[in-house]
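Tertiary structure, described
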Amino acid sequence: MSEFISILISFIFMSLAESVDSFFNNKISIDTIIVCSSLFSINLLARSLGEIGTYTYRVIRKKEFSYLAITGFVSFVVGIIIFFTRGLFINLFDINIIQKELLSNLLALYIIYLPVSLIDGGFFEIVRLKGNLKLYRNSLILFYELLILLDSIAFIFTKSLIILYLATILSHIINIVYLKIKFNLKYEKITKEDLNNVKRYGITLSTERLLSRIFILIYGVLASYMGETNYAIHSICYGVCLNLEIITNAYSAALMIKIPEEKDKNKQIDLLKEYMKKCFITVLIINFILAIITLIIQHGSLPIKECFPYILLYCCTVFGLYLYESYKAICVIQGKTKIILKGSTIGVIVRVLICLLFLKTPICLYVFAIASLIDFYVRSIFYKNELTKNYESS
């Protein structure tokens, strides 16, 4: 599966570069570790709505400009809403006054950050799904070289989280310009059919992401009530865990390219099982190797020894995530978005209930560490059962 290896190399590079970006943020202070973790939870929520055009394109695979424009418009509107309601989001977290002020300053830039980052991300995905992996790699390299360079300058001369955030925005803008020059993106008027596709596929996928991320936001908020030290440990370990998702994302991206080559939906399931066997060991080995490298880079001002043994449990998320990405890919390819919505809702509810149940116990950090594994495993079982029903009935 050459596409998997090619995309995996690109995604590993992306993961390491993201770790370096996080290093600069986390190295400033414990306050910035906590603020970035809180911002990440809010950002997940906003992205679930803003990426509605990109979600639709994953199913439709045409009219690139139209769906990118829809993503840009919706994300701008969401950015405005976050800007004016940022006080409500900030007060969800059990953080101190200094941390709240810093988080408020970051969210004040959200009107710019959200549409710029999501247009860039959508552009990345379009290029990849079109199979233009050379341009995809080149644009990734450009973006992360810019990001690390600008972050380095900002960190050395200011040590300001706000300036680091602006460096990220500037990197996205430059990369969008580069992709626009290199990729033949034709202007297309948004039609009624495009909007109907958004209603049929995009809204369902966006709702799935929104519900999932609302509960992940609750998961992050609950973590802030474990105490500052435990929240800092969770922030670093969960941050590493999220970076590792780039491995299973590469696997999923390869499936999204290869499986549609088989038009028979029943045979797509058989093809998936074949790829699952081929890629599992590779994904598993790279997951744990990259975890150690990422932790070394990313732990920042938190002593690395504080992250053990918790980091090992956080990294076990890969076992559930691998199954989740496998069956989710089939659901997206076959347009079965309602299955994704139902399964994800069940999974995140289970995650939050488990964390809530053990929040005030001595083992709370261990529970938070395995909660993601349980969440993704529950989702994958639901997807598999629903797909099997359709497979057997056809």
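Look up: the structure comes first, before these words.
Now for a description of the structure that goes with this document. (Residues numbered from 1 in each chain as written. Predicted model: local features only at pLDDT ≥ 70, side-chain atom pairs only at ≥ 80, totals over all residues. Heavy atoms only, no water.)

**Let's talk about the pattern of salt bridges**
Stated precisely, the cut-off is as follows: Whenever Lys or Arg places a side-chain nitrogen within 4 Å of a carboxyl oxygen from Asp or Glu, that contact is recorded as a salt bridge. Every helix listed is a DSSP run of H or I at least four residues long, and every strand listed is a run of E at least two residues long, numbered separately from the N terminus. A simple rule labels every residue: compare its accessible area, found with a 1.4 Å probe on the protein chains alone, to the largest value its type can have, and call it buried under 20%, exposed over 50%, or partly exposed in between.
The final tally for this structure, using the stated rule, is 10 salt bridges. When the shortest N-O distance is used, the salt bridge between Glu208 and Arg379 registers 3.9 Å. Of this pair, Glu208 sits in helix α10 (residues 192-224) while Arg379 sits in helix α16 (residues 364-393), and the two are 171 residues apart along the sequence. By relative accessible area, which is 1% here, Glu208 ends up buried. Residue Arg379 is classed as buried on the basis of its relative accessible area, which comes to 1%.

**Brief notes about the packing of aromatic side chains**
Rules: By convention, a stacked pair of Phe, Tyr or Trp rings (six-membered ring in the case of Trp) has centres within 6.5 Å and planes under 30 degrees apart, an edge-to-face pair has planes over 60 apart, and any other such pair is tilted. Lysine NZ or arginine CZ positioned within 6 Å of the ring centre and within 35 degrees of the ring normal marks a charge as sitting over the ring.
Within the structure shown, the criterion is met by 17 aromatic pairs. A ring pair is formed by Phe143 and Tyr144, whose centres lie 4.8 Å apart and whose planes are at 75°; its orientation type is edge-to-face. In this structure Tyr144 comes out as buried when scored by relative accessible area, which is 4%. Seen in terms of ring centroids, Tyr251 and Tyr322 are 4.5 Å apart; in terms of plane orientation they differ by 20°. Their pairing is stacked. Placement of Tyr251 in helix α11 (residues 228-258) and of Tyr322 in helix α14 (residues 317-333) is noted, with a sequence separation of 71 residues between them. Take Tyr251 and Tyr322: they sit in the same class, and that class is buried. One aromatic cluster is present, formed by Phe124, Tyr136, Phe143 and Tyr144 through successive ring pairs. Its end group placed over the ring of Phe83, Arg86 keeps NZ or CZ at 4.5 Å from the ring centre.

**A look at the side chain of Thr294**
Here is the rule we go by: By definition in these notes, contact holds between two residues if any of their heavy atoms fall within 4.5 Å.
Along the chain, Thr294 falls in helix α12 (residues 265-298). Aside from chain neighbours lying at most four places away, what touches Thr294 is Ser15, Ser19, Val240 and Asn243.

**Brief notes about the packing of α11 against α14**
The cut-off we apply is this: Axes, fitted as lines to C-alpha atoms, cover a helix only where it is in contact. Angles between the N-to-C directions of the axes lie from 0 to 180 degrees. The crossing is said to be left-handed when, going from far helix to near helix, the turn is anticlockwise and less than a right angle, and right-handed when the turn is clockwise. Three categories are distinguished: nonpolar for Ala, Val, Leu, Ile, Met, Phe, Trp, Tyr, Cys and Pro, charged for Asp, Glu, Lys and Arg, and polar for the others, with Gly belonging to the last.
Across the interface, α11 lies against α14 with an axial gap of 9 Å and an inter-helix angle of 35°. Helix-helix and strand crossings are classified by hand; for α11 and α14 the assignment is right-handed. Residue-level contacts link Cys241, Glu245, Thr248, Asn249, Tyr251, Ser252, Leu255 and Met256 of α11 to Thr317, Val318, Leu321, Tyr322, Glu325, Ser326, Ala329, Val332 and Ile333 of α14. Its residues assigned to classes, the contact of α11 with α14 comprises 10 nonpolar, 5 polar and 2 charged.

**Quick look at a nonpolar patch on the surface**
For clarity, the threshold we go by: Each patch is built from residues lacking any salt bridge and having more than 30% relative accessible area; the joining distance is 9 Å for like charges and 5 Å for nonpolar side chains (Val, Leu, Ile, Met, Phe, Trp, Tyr). Areas reported as accessible are Shrake-Rupley estimates using a 1.4 Å probe. Residue values count occlusion only from the protein chains shown.
A contiguous nonpolar surface patch, about 390 Å² in accessible area, is contributed by Phe73, Phe76, Val77 and Ile81. Relative to the elements of secondary structure, Phe73 occurs in helix α4 (residues 64-84). Classification of Phe73 as exposed rests on a relative accessible area of 58%.

**Looking at unusual backbone geometry**
With an omega dihedral of 5°, the bond running from Phe308 to Pro309 counts as a cis peptide bond. Examined against the element boundaries, Pro309 turns out to sit in the loop between α12 and α13 (310-315). For Arg61, which is not glycine, the phi torsion reads 65° and is therefore positive. By the element assignment, Arg61 lies in the loop between α3 (52-60) and α4.

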